[in-house]
Amino acid sequence: RRSEEQQAKKKPNLLVVAVKPEASLDTTSGLSRIHKCESCQRPFATAGALNYHARTCAQSKKRVGGALEKVRGAWNARKDKRRRLDVSTPSSSALNAQGNKPFPVALTNSTDNADEVFNAAAVLLPIPVAPAQLPFSADEPGPSESRRPRRPRVTPRRFDDYIPQQSMPLLNASIAAGDVDFIDIYSTRFLNVFTVPPGNPERSVHSHNAPADATPASESPVQDQRPARFKTLRNVFGLSRMYTSSLPPAHDPDDNTSLADMCDREPTLPIRLPIQQSSFHPYPNQSSFSLGNWYWNHGSQKSKEDFKILTDIVGTPGFSPHDIRDTPWTAINKTLGSTHFDGEEHQWEWEADDAGWHRTPVTLNVPFHKRMKNPGTHAHVVGDLYHRTIMSVIKEKLANQTDVDHFHYEPFELSWSPSPKIKEIRVHGELYTSPSVLDAHSELQALPPEPGCSLPRCVLPLMIWSDATHLTSFGSSKLWPAYLYIGSESKYRRCKPSLHLANHIAYFQALPDSFKDFVSEHIGGKGGPTQAFLAHCRRELFHTQWSILLDEEFLEAWEHGIVIICLDGIKRRFYPRIVTYSADYPEKALVASIRNGGWLPCPRCHVSKDHLGRMGMILDMERRTATIRLNDQDLKAKVTAVRSIIHQKGFAVNSKAVEAVLQPTSLVPAMNAFSNALGKFGFNHFQMLVVDILHEWEVGTWKAILIHLIRLVYESKGNNVGLLDARYRQIPTFGRDTIRKFSSNTSELKRLGARDFADLLQCAIPAFEGLLSEPHNTRLTELLFVCATWHGLAKLRVHTDDTLALLDEATLDLGHYLREFVTKTCSEFNTRELPREAEARSRQAVSAQKGKLKKTASQTLPISRNAAAPTVMSSGTTTRRPKALNLNTYKFHSLGDVAANIRRYGTTDSYSTEIGELEHRTVKARYKRTDRKAYSQQIARIERREAHVRRIEARTSPLDRADNETVRQATPDVHHVIGKTENLPLHVGIFVNDHAGDPAIRVRITLTNRLVAKLEHVTQDFIPKLKKHLLLRIKVLLTGLLRADGLESTPITELWQSVHMKNDRIYMHNILKVNFTTYDVRRGDDIIHINTSHRNVMVLNPFFTPDNGEHPYWYARVLGIYHANVLYLGEGNADYHPRRIEFLWVRWYSNVEDTSGWKYRRLDRVEFPFLSDPDSFGFLDPSDVLRACHIIPRFFTSKAKEDVFGVSKWAEDLEDWGSYYVNRFVDRDMVMRYHWGLAIGHVYSHPTSPSVIRPDHGRQQRPEEAHEHSQPQADHIGVDPHLPINLDKLLSTLHTLDGMDAEVEEGEEDGFDEDGVVPEGDDDDWHTDSGEDDEDHPAERYDF
């Protein structure tokens, strides 16, 4: 409870408009003196009658309410400029208990509590209102003093839908390092930051009334000279930022982030302002440019949408066919695609530094040992490298207005605390909030500045992807691109190819076929080059090309920085730093200059091959930390010595002298470009090679596990492979593309990508359950649960220290359960190759045999064209060899580095190779525009054309940010969307009569003798049940309307018969769109469609608390989506206007009480109650829907009905299964909804104190006995009485509804006195929207 003194201090300045009915003399009437109400014009004979009427005059109070709404709107418009904050005023004891940790404190215009505020070192200033702006005197009572307080009827806080927002906006405030000085509250809009002193936290601060340059005499000098850090306040989600400097950053890119930018869906075409009349060079006019832009930047394959865009261009009033008739398209395209390797002088008036492409010949020094025909080192020009200089790309990027607006020039540490009473923990997500960038920034600030330079120094983190890709489905055309991303941009933007944030910096050259001819000339004899020799040449070629990219200009910028005037007008010095390099394992070995699959195969540590299978053991985790690879002098000395032996003494690259030096550490005698160029700056190129979930887990370890599980099914009793395929075919889809339809023969694993293997894992438990005998079936389901748990945690887009602790546990469990499965289950089966594996091996053997025969024949006699081909065994007679599950692989070993990489570089989605794989689609689309000859050069030209056209478009028609937000994402700020149409009306009476025998419509129950004394029977009809639901809804609406009109909210005593639907009709809809805030503070959406399998929803369990053993959610199948125009004709109705109310008709699932959840490694099970159960069907407010859920039949059980007849048409009970699984692994947001209290965006689950028990966490199993919990109080009528609870709870709720009036009229028992006024000191008993937590009364959150 707040004290009276604290309550008085927190009274805000409110705007009040007083409107009073005045008595007037009616001169037109025959009466000598008539008192008339100015609002309703009703005459009264006496002043007392008029005064009595004034207390109940609806028109007068509507005028008051209207005036108050206008003032409230103006006040809220100002308040909307601030973000929602959790504000509390801690006492001195609370500060001492928290170690003098500062909390946010609200300030008013009064300076009485200035010392207390500044001692807290956390300032929040409200919007000041000048006295001249107040429409009433400061001495007049405000609205809160002139009216009686009423019991608030608001939605419980746990049901609130919080819109995603970034951390609090920053202001350029002048704050001394370590102190908070004088702040003018009338000149500062608001200050939501405070500085964290580096040294003594108890030092005094300046008084609020002291001048800015005054220093207290009693202040002792600061002993600690470390710089203070600048920190923001917590936002509504509990997030705050900590910067490394003492001042706020001058540029905050989150100011340019809209709600539409925080939606995960791919944006549609943006809206741009009308084209300005400026230069379209090289296009002669606007019409030509519009057609050229449509051709180059709208895909190589045109669709109907592209055709519509074309018609819009042609139909534009400014379009002229005459303008394009003589347009020189070939010359324009040549000009747009011109690059530096053309040797042409091209000056663009709109680009000073064009990051064009260069063509550089690549010369390779090939070492031939002394026993070859021509020994020694011979230079050979392998080909041309098409590349862009890294510094030109950086300059072009920083000059791009669209991209630079989203740059974070200064990194910061992101922290999260769901409540001021809970200690903050670290949040891991973006690269610019990771320790890798923060450490680089701190190291840079610690270095002495450049001579005579005082510019701000900024780290520019660089992220590199490279991977060779096939350009066609059939053929040998390949491209080896390298992509460069700027880590200062958000990963949510980098993962969208439509934003064109990938910078193509090089198309690497591979060894051509002509290289073998060059080698054969110098080798001599009949033998060709060995595989070791060719592998060495490939490594040398790769690093030679990287040496070209890491040129002198880049190294100069690395050491001394590059000065650039940013678009915000501030001149900064940028220092590029390579932070991550993403690639698959063969390319990682190439970058690290280690052996692919050597004795020490890991590019990050020195764990030997025979220890790779020990991933998850404590000793293994310690070993990989103690034996990390370093780019030290010892490594450089070994490589230098070996290269001297090879190039000067003529030894072979795989000779014994070379192997003796390099083989123990799995090094290779190749020059490493990163070590040579950046090693002198202390750069360790081994640590930039981050983990890759796509290749190392989804198409790596998990794919190997899945293949072996299918082998086990083949060898199991009954060979249930066909049953496995049938189960996967019956799994329903989910979302737009989250879970897609599985193929007809899943076990063949044909044409599957990484996302397909992820879908197979997320739905594996229902598909594999029961296919093996016990106890192998139990081990298999537990293993699949552990694999899905690890996969869900490893791919989270936002981690905290708590979730990383869960990932550490999941990593240990993954290694333990896999080894146990191999030891105890796999050893019991004689597993062999799958038929497709045996056939593939046979085809490879035949192909190799043909190659050997052709090679032998070419050296002796020519092969006749009609010569018979060698005989090949048919697939039916191919022998299936024994096959075991091998855990001694690098991919399995790398899973142990995931948590460490997240702690160092942020979450895995920021540097996953999935981003590079998505960008491959761009080069493949450009390849289709080439003539398939010398396509690397043509693709480089096309890249420049598209970039130049986009730049012309951005200059001539800037983006309209305001309109673009509404087009890109429709209504993301509302909770749900249901159509406004009334084209599908349904007469309730006719509907009920036509389906009177359907259990979903009408159910009659005779109660047992135990309840005869209370009620003889209960009839649960469709209409009464619907009207009882609507009664609760209409009461909330009417209460809000009555409050807005300024009337007293008198209790509503009528029964549900007082609820009427206009014309007795409800209106049907097919689609419901639900928007929700995801765990990572983004905006997601689900589509509920009643004609598809996407019709299962989840809602919060109002009886759940973290320690009572209840399941946190209820699940339902949506049978219908409706709205009705509802009238309330009972006592207290304000008018007779119908109000639209939307509702869902649902069939409830009931939770099966069994051992499920994280502790038991089992999915949650639900089932449908009997159709005769009165709780089987009900109605649901769409606002209570959290999101859609994925319900999968438990195929191990049979269907509920063995016959072919169903009882209910609407329930569709014929297709019911005995039980179902709730798939908690369907996506990352769903995973975090079951980690209660750990998701940042799920505010309803946030704990309010450190002692909150998180349900269903931990590795130890729960005790057998269930925890008994108390029954909820009966007076919480905000719960729908038709939710799936037992009959006793249902009758208790209905009884409470009927007797609510008598209960409220008793007054003091409900927290009111006899006048309906909250007793003094008890105003905090009711939950209002003030943002404060009622921690001592959690049950009161259920009051509506």
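Here the structure is a predicted model, which means the values were calculated and not measured. (Residues numbered from 1 in each chain as written. Predicted model: local features only at pLDDT ≥ 70, side-chain atom pairs only at ≥ 80, totals over all residues. Heavy atoms only, no water.)

Caption draft 1: Highlighting the overall build of the chain. Assigned secondary structure in the chain consists of 39 helices and 35 strands. Here the chain holds 1344 residues, and the buried ones make up 51% of them. Sequence-distant contacts, at least 24 apart, represent 72% of the contacts inside the chain between residues at least 6 apart. Put simply, the chain shows about 62200 Å² of open surface, and 52% of that area lies on carbon and sulfur atoms. (Helix = DSSP H or I, 4+ residues; strand = E, 2+ residues; numbered from the N terminus. Buried < 20%, exposed > 50% of the residue type's maximum accessible area, 1.4 Å probe, protein only. Contact = heavy atoms within 4.5 Å. Areas by Shrake-Rupley, 256 points an atom, 1.4 Å probe, with all protein chains shown as cover.)

Caption draft 2: Molecular detail of the sheet that holds strand 34 (residues 1191-1193). Spatial strand order, 30-31-35-34: 4 strands in an open sheet with antiparallel pairing. In the strand order of this sheet, the two ends are held by strand 30 (1150-1151) and strand 34, each with one partner. As paired elements, strand 31 (residues 1164-1167) and strand 35 (residues 1220-1222) share 3 bridges and run antiparallel to each other. Bridge assignment links Asp1164 to a residue of strand 35, and that residue is Val1222. (Pairing = 2+ DSSP bridges.)

Caption draft 3: Representation of the sheet that holds strand 19 (residues 976-978). Pairing is antiparallel across the open sheet formed by 3 strands, whose spatial order is 19-25-26. Every interior strand has two partners, whereas the edge strands, strand 19 and strand 26 (1083-1089), have only one. Strand after strand, the sheet turns through a mean of 15° between neighbouring axes, direction not considered. For strand 19 and strand 25 (residues 1071-1077), the ladder comprises 3 bridges, and the chain directions are antiparallel. When the bridges of strand 25 are listed, His976 appears paired with Val1074. (Axes fitted to C-alpha atoms, helices over the stretch in contact; angles between N-to-C directions.)

Caption draft 4: Up close: the environment of Leu1032. Mapped onto the secondary structure, Leu1032 falls in helix 36 (residues 1022-1044). Using a relative accessible area of 17% as the deciding quantity, one classes Leu1032 as buried.

Caption draft 5: View of the nonpolar core. In this structure, Tyr728, Phe768 and Trp790 are the most contacted members of the largest nonpolar core, which totals 147 residues. Setting aside residues up to four positions removed in sequence, Trp790 forms contacts with Ile693, Trp697, Leu807, Ala810, Thr811, Leu814, Leu895 and Val898. (Core = buried A, V, L, I, M, F, W, Y, C linked by side-chain atoms within 4.5 Å.)

Caption draft 6: Region of interest: the pairing of strand 31. With 2 bridges joining them, strand 30 and strand 31 adopt antiparallel strand pairing. In the strand pairing of strand 31, Ser1150 is matched with Glu1167.

Caption draft 7: Fine view of the packing of helix 25 (residues 754-762) against helix 27 (residues 776-794). Where helix 25 contacts helix 27, the axes come no closer than 9 Å and their chain directions differ by 130°. In terms of their interaxial angle, helix 25 and helix 27 are classed as oblique. Mapping the contact onto sequence places Ala758, Leu761 and Gln762 in helix 25 and Leu784, Cys787, Ala788 and His791 in helix 27. Tallied by class, the residues present in the contact of helix 25 with helix 27 amount to 5 nonpolar, 2 polar and no charged. (Parallel < 35°, antiparallel > 145°, perpendicular 65-115°, else oblique. Nonpolar A, V, L, I, M, F, W, Y, C, P; charged D, E, K, R; others polar.)

Caption draft 8: Quick peek at the pattern of salt bridges. Evaluated as defined, the whole model comprises 48 salt bridges. A salt bridge links Asp568 to Arg572; the nearest nitrogen and oxygen atoms lie 3.0 Å apart. Looking at Asp568, the relative accessible area reads 35%, which means it is partly exposed. Residues Glu659 and Arg595 are paired through a salt bridge, measuring 2.7 Å at the closest nitrogen-oxygen approach. Here Arg595 lies in the loop between helix 18 (585-592) and helix 19 (618-626) and Glu659 lies in helix 21 (residues 656-662), a separation of 64 residues in the sequence. Pair check on accessibility: Glu659 and Arg595 agree, each one buried. (Salt bridge = Lys/Arg side-chain N within 4 Å of Asp/Glu carboxyl O.)

Caption draft 9: Just the side chain of Thr831, in detail. Considering the arrangement of structural elements, one finds Thr831 in the loop between helix 28 (801-824) and helix 29 (835-859). Among the polar contacts made by the side chain of Thr831, one reaches the main-chain carbonyl oxygen of Lys883 at a distance of 2.5 Å. Leave out the neighbours within four places in its chain, and Thr831 touches His708, Arg711, Leu712, Glu715, Pro882, Lys883 and Ala884. (Polar contact = N/O pair within 3.5 Å; in protein donor to acceptor, adjacent residues only side chain to side chain.)

Caption draft 10: A look at the packing of aromatic side chains. For the structure on display, the rule yields 47 aromatic pairs. The interplanar angle of 25° and the centroid separation of 4.8 Å between the aromatic rings of Trp357 and Tyr507 together place this pair among those described as stacked. Of this pair, Trp357 sits in the loop between helix 10 (329-336) and strand 8 (358-368) while Tyr507 sits in strand 15 (residues 503-508), and the two are 150 residues apart along the sequence. Relative accessible area serves as the criterion here: at 0%, Trp357 is assigned to the buried category. An aromatic cluster of at least three residues, connected via ring pairs, comprises Phe991, Phe1022, Tyr1122, Phe1143, Trp1145, Phe1179 and Trp1210. One cation-aromatic arrangement involves Arg880 over Tyr714; the distance from NZ or CZ to the ring centre is 5.5 Å. (Phe/Tyr/Trp six-rings, centres within 6.5 Å; stacked < 30°, edge-to-face > 60°. Lys NZ or Arg CZ within 6 Å of the ring centre and 35° of its normal.)

Caption draft 11: Structural view of helix 32 (residues 913-927). With 15 residues, helix 32 extends 21 Å between its outermost C-alpha atoms, agreeing within 8% with the 21 Å of an ideal straight helix rising 1.5 Å per residue. Considered for burial, the residues of helix 32 that qualify are Thr913, Ile915, Gly916, Glu919, His920, Val923, Arg926 and Tyr927. One side of helix 32 carries all its buried residues, which in axial view fall inside an arc of 150°. (Expected span 1.5 Å × (residues − 1). Arc of directions from axis to C-beta.)

Caption draft 12: Summary view of the packing of helix 27 against helix 28. Following both chains from N to C, one finds helix 27 and helix 28 inclined at 150°, their axes separated by 9 Å at the closest point. Judged by the inter-axis angle, helix 27 sits roughly antiparallel to helix 28. Crossing geometry of helix 27 relative to helix 28 is assigned as left-handed. Residue-level inspection shows His776, Arg779, Leu780, Glu782, Leu783, Val786, Cys787, Thr789, Trp790, Leu793 and Ala794 of helix 27 in contact with helix 28, the latter providing Leu806, Leu807, Ala810, Thr811, Asp813, Leu814, Tyr817, Leu818, Phe821 and Lys824. By residue class, the composition of the contact of helix 27 with helix 28 is 14 nonpolar, 3 polar and 4 charged. (Left-handed = near helix turned anticlockwise from the far one by under 90°.)

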